[in-house]
Amino acid sequence: MYETERQELIKVLIGKGITDENVLKAFFRVERHLFVPEIIKPHAYSDVALPIGHEQTISQPYTVAFMTQALELDERCKILEIGTGSGFQAAILVDMGMKVYSIERNYEIHQRTQKLFDDLGIRAALIYGDGTIGWEEAAPYDRIIVTAGGPEVPKRLLKQLAVGGKMVIPVGDRNSQTMQIITKISETELLKKEIPNFKFVPLIGKEGWKNE
Ligand code: SAM
C-alpha cells in the first residue's frame, strides 16, 4: 500500500539533500503509515511531523532521514535511541541491520509500540524509562540518537557512548533546537558539529527538562 506515495516522499528527501542510499532504501521498505493512527494514515507520506497521541509526534521524515544519515552507520552498530515514540525511527534502524535499544518515558506509548513491533516482527529492545540516564546495562553504544529536545547533552549518555562512536541530539530551548552531531574521539575529547533550526517535543527527565 501507498507505494507511489513512498516513492514521492523519497524524491522529496533526495531534493532536501539526503544522499545515503541505505537510508533511502530503508525509507522505501519501512511503511510509515503503519506507525501512525488510523485517521491520519492518508497523510503518512507527507514530509511533516504527525500527532501520535499523548501530545507526542512521529518526527518529520526529513528529520528522521537527516539524523539517520548523520549517524554514519557501519554494519551492525549497537544503537541507543531515546524517545521510541511511534517506533518509526527504530524500525528504520532495524531495517538497516542495526542492533537497537530504544527507551520511552510514556508507558502507554511504550506498550503500544511494543505491541506494534511484536505484530510486525520487528526485533528491537524497547525499554520503558527515563532515557536521559541511558541504559547502562547494554552500554557502550556505537551510536546514540535522541529524538526529543533537551536543554543540554546528558552526561550519562556521553559516558555510555563508545570511544569512536557518534551521538546525534537536538539541544536548545523548548521552541527551537540545534542538532548536535558529536563524535567521541577519546574519553575526554569530543568533536562537535551543529546544525540550527530543528523543533522537537521536550526531552523530559533527570538530565532533561524537569516538567511537561
Ligand atoms: N523516534 C520517534 C518516532 O520515530 O516516532 C519520535 C518520537 S517523539 C518526537 C519523542 C518521544 O520522546 C516522545 O514519545 C516522548 O514521550 C519521548 N521522551 C521524552 N523525554 C523522554 C525521556 N527522558 N526518555 C525517553 N523518552 C522520552
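Reading the values: the criteria
- Residues numbered from 1 in each chain as written.
- Predicted model: local features only at pLDDT ≥ 70, side-chain atom pairs only at ≥ 80, totals over all residues.
- Heavy atoms only, no water.
- Axes fitted to C-alpha atoms, helices over the stretch in contact; angles between N-to-C directions.
- Helix = DSSP H or I, 4+ residues; strand = E, 2+ residues; numbered from the N terminus.
- Parallel < 35°, antiparallel > 145°, perpendicular 65-115°, else oblique.
- Left-handed = near helix turned anticlockwise from the far one by under 90°.
- Contact = heavy atoms within 4.5 Å.
- Nonpolar A, V, L, I, M, F, W, Y, C, P; charged D, E, K, R; others polar.
- Phe/Tyr/Trp six-rings, centres within 6.5 Å; stacked < 30°, edge-to-face > 60°.
- Buried < 20%, exposed > 50% of the residue type's maximum accessible area, 1.4 Å probe, protein only.
- Lys NZ or Arg CZ within 6 Å of the ring centre and 35° of its normal.

Visitor: Describe in detail the packing of helix H1 (residues 3-15) against helix H2 (residues 21-29), supporting the description with residues and values.
Guide: Interhelical geometry of H1 versus H2 gives an angle of 155° and a closest axis separation of 9 Å. Taken together, the axis directions place H1 and H2 in an arrangement best described as roughly antiparallel. For the crossing formed where H1 meets H2, the hand is right-handed. Across from Glu3, Arg6, Gln7, Leu9, Ile10, Leu13 and Ile14 in H1, the residues of H2 making contact are Leu24, Phe27 and Phe28. Here the residues of the contact of H1 with H2 are counted per class, giving seven nonpolar, one polar and two charged.

Visitor: Break down the packing of aromatic side chains for me, citing the residues and quoting the values.
Guide: Counting across every chain of the model gives seven aromatic pairs. A ring pair is formed by Phe27 and Phe88, whose centres lie 5.6 Å apart and whose planes are at 75°; its orientation type is edge-to-face. Taken together, the positions of Phe27 in helix H2 and Phe88 in helix H4 (residues 88-95) put the pair 61 residues apart, joining distant regions of the chain. Each member of the pair Phe27 and Phe88 is classed as buried. On the numbers, 4.9 Å between centres and 75° between planes, the contact of Tyr107 with Tyr128 is edge-to-face. Residue Tyr107 is located in helix H5 (residues 107-120), and its partner Tyr128 is located in strand S5 (residues 125-128); the two are separated by 21 residues in the primary sequence. Given the relative accessible area of 46%, Tyr128 is considered partly exposed. Feature note: the residues Phe27, Phe35 and Phe88 constitute an aromatic cluster, connected by ring pairs. The ring of Phe88 carries the charged tip of Arg32 above its face, separated from the ring centre by 6.0 Å.

Visitor: Describe the environment of Ile109, listing the residues and the values that go with them.
Guide: Relative to the assigned elements, Ile109 resides in helix H5. Considered as a pair, Ile109 and Thr19 are 90 residues apart in the sequence and their alpha carbons are 32 Å apart.

Visitor: So what's going on with the environment of Ile52? Residues and values would help.
Guide: Checked against the element boundaries, Ile52 lands in strand S1 (residues 50-53). A relative accessible area of 2% places Ile52 in the buried class. Discounting chain neighbours no more than four positions away, the residues touching Ile52 are Phe35, Pro37, Thr57, Ile58, Gly85, Ser86, Ile109 and Arg112.

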